[in-house]
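Structural overview for review
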Amino acid sequence: MMIHSLALPPSDAQVDAWLAVLTSAAAADLPQLPPPSRVEVAGRLCVTPARGRPVLWTAGAGGGAGESEGVAALLLFTEEGNTHTAFLDVLTVRPGARRRGVGTALWERVREELLADGRTSVAAMLDLGGPGQAFAEAMGFENVLQMAWYAQDVPAGAGAPAGATADGPAQPPATPGYELLTWYGLVPDAWAPAAAAAHAAMEDAPTGDMDERIQTWTPERLHTLQQLILDRGGDMITVAAVTPGGEVAAYTEIVLPDPEGTSALQYDTVVLPAHRGHGLGRAVKRHMSAQAAARHPQLRRIATTVADENGPMRAVNEALGYRRERGVGIYQIKL
């Protein structure tokens, strides 16, 4: 089996070959979901991640520019405290090439890279019940964080707030004691310190037995990670509930990896401990759905992952109409 390393950034032909593998695998494994977008795939392959060093491989005879039988993408973290571990972002084999040793050959190349770089563990997110789970368990991976995908449908016209008139859209009802703000792209500089402080509240989110450590949030780190989404061709919206004193009490983020696509990803939703019990989680997420639909009228689906043990967030999602789609887990192996 020929395994080829891809130089960064890959060529257009290599991106197309990579996309073809992901598209064929998705059609076989998750036919109910929208197919991968070239904008998202090209962005992830061609724009260097902020958190580490990427390494890409393809399996096949074409050096990554022709038809590939499989692909793998590894992120070697360079963040302080995480240089011992890594994340296997992709290891996918075209359905017609499965059970021929392609996945094993790719994994062996990944494992060689990990050991050569001094990594002692690697993790991956895998759908439960699919071929990825069976393969990972055969290689020795274990599920260290049980999660699930949840999705919310966005009806056509959902971006028009209730009570809108010919003079303009009505403002959403204010949450008593808080103001809801919407930011497109980067959080404004004036709010970046408060937003970064709010991100630190993610430290109490379930992480299971993952080796990866949560990083300290600063305004600079917040802007760097947000800019990466934009540089990859995506769009990002943040809705925050703020206090009169300038504190971000709660926030939620949504990302459209392809702004022209019909699907979005719900990123973090956080309510700071001192402000819980006031319905802020539902308020920011409800407002976010309306703002995203107004900005992107073609949007029809918002998906997110929630850890099984995160009962409060699952309750918020259920109240807003999210439905559980499928189980997923963070799988990890010690090397």
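This report concerns the structure included in the present document.

Examining the overall build of the protein chain
Across its full length, the protein chain holds eight helices and twelve strands. Taken over the C-alpha trace, the protein chain has a radius of gyration of 21 Å; the compact-globule value for 335 residues is 20 Å, and the two agree within 12%. Across its three principal axes, the protein chain shows a C-alpha extent of roughly 65 × 40 × 35 Å. Residue burial in the protein chain is summarised as follows: out of 335 residues, 48% are buried. For the protein chain, the share of sequence-separated contacts (at least 6 apart) that also reach a separation of at least 24 residues comes to 73%. Total accessible area on the protein chain is roughly 15300 Å²; 53% of this is exposed by carbon and sulfur atoms. When the 26 positive and 37 negative side-chain charges of the protein chain are each reduced to one mean point, those points stand 5 Å apart.

Description of the environment of Pro244
Along the chain, Pro244 falls in the loop between β8 (235-242) and β9 (248-256). Here Pro244 falls in the exposed class, since its relative accessible area comes to 81%. For the pair Pro244 and Thr182, spaced 62 residues apart in sequence, the C-alpha separation works out to 16 Å.

Focus on the environment of Ala290
Positionally, Ala290 belongs in helix α7 (residues 280-295). Along the chain, Ala290 and Ala158 lie 132 residues apart, while their C-alpha atoms are 6.1 Å from each other.

Section: the side chain of Thr252
Relative to the helices and strands, Thr252 resides in strand β9. Within the structure, Thr252 has its side chain in polar contact with the side chain of Gln266 (distance 2.4 Å). Within the structure, Thr252 has its side chain in polar contact with the backbone oxygen of Asp268 (distance 3.4 Å). Setting aside chain neighbours within four positions, we find Thr252 in contact with Ile237, Thr238, Val239, Gln266, Asp268, Thr269, Val284, Lys285 and Met288.

Describing the pattern of salt bridges
What the rule picks out here adds up to 18 salt bridges. Here Asp29 and Arg98 are joined by a salt bridge, their closest N and O atoms 2.8 Å apart. Of this pair, Asp29 sits in helix α1 (residues 12-29) while Arg98 is found in the loop between β4 (86-93) and α3 (102-116), placing the two residues 69 residues apart along the sequence. On the basis of relative accessibility, which here comes to 32%, the residue Asp29 falls in the partly exposed class.

The rules behind each value
- All residue numbers refer to position in the chain's written sequence, counted from 1.
- Totals for whole chains, interfaces and linings use all residues, but because this is a predicted model, local features are given only for residues with pLDDT of at least 70 and pairs of side-chain atoms are given and counted only at 80 or more.
- Heavy atoms throughout the structure, all of them, feed into the side-chain values; hydrogens and water do not.
- Helix numbers and strand numbers start at the N terminus; a helix is a DSSP run of H or I with at least 4 residues, a strand a run of E with at least 2.
- We compute the radius of gyration over the C-alpha atoms and compare it with the globule rule, which gives 2.2 Å times the number of residues raised to the power 0.38.
- Think of it in three bands: residues with accessible area under 20% of the maximum for their type are buried, residues over 50% are exposed, and the middle band is partly exposed, with areas taken using a 1.4 Å probe on protein chains only.
- Throughout, a contact is declared for two residues whenever any of their heavy atoms are within 4.5 Å.
- Residue-level accessible areas treat just the shown protein chains as cover; the underlying method is Shrake-Rupley with a 1.4 Å probe.
- Residues counted as positive are Lys and Arg, residues counted as negative are Asp and Glu, and His and the chain ends are not counted.
- Each charge is placed at NZ for Lys, CZ for Arg, CG for Asp and CD for Glu.
- Any pair of nitrogen or oxygen atoms within 3.5 Å is treated as a polar contact; in protein, a donor-acceptor pairing is required on top of that, and neighbouring residues in sequence qualify only through side-chain atoms on both sides.
- Any Lys or Arg side-chain nitrogen located within 4 Å of an Asp or Glu carboxyl oxygen qualifies as a salt bridge.

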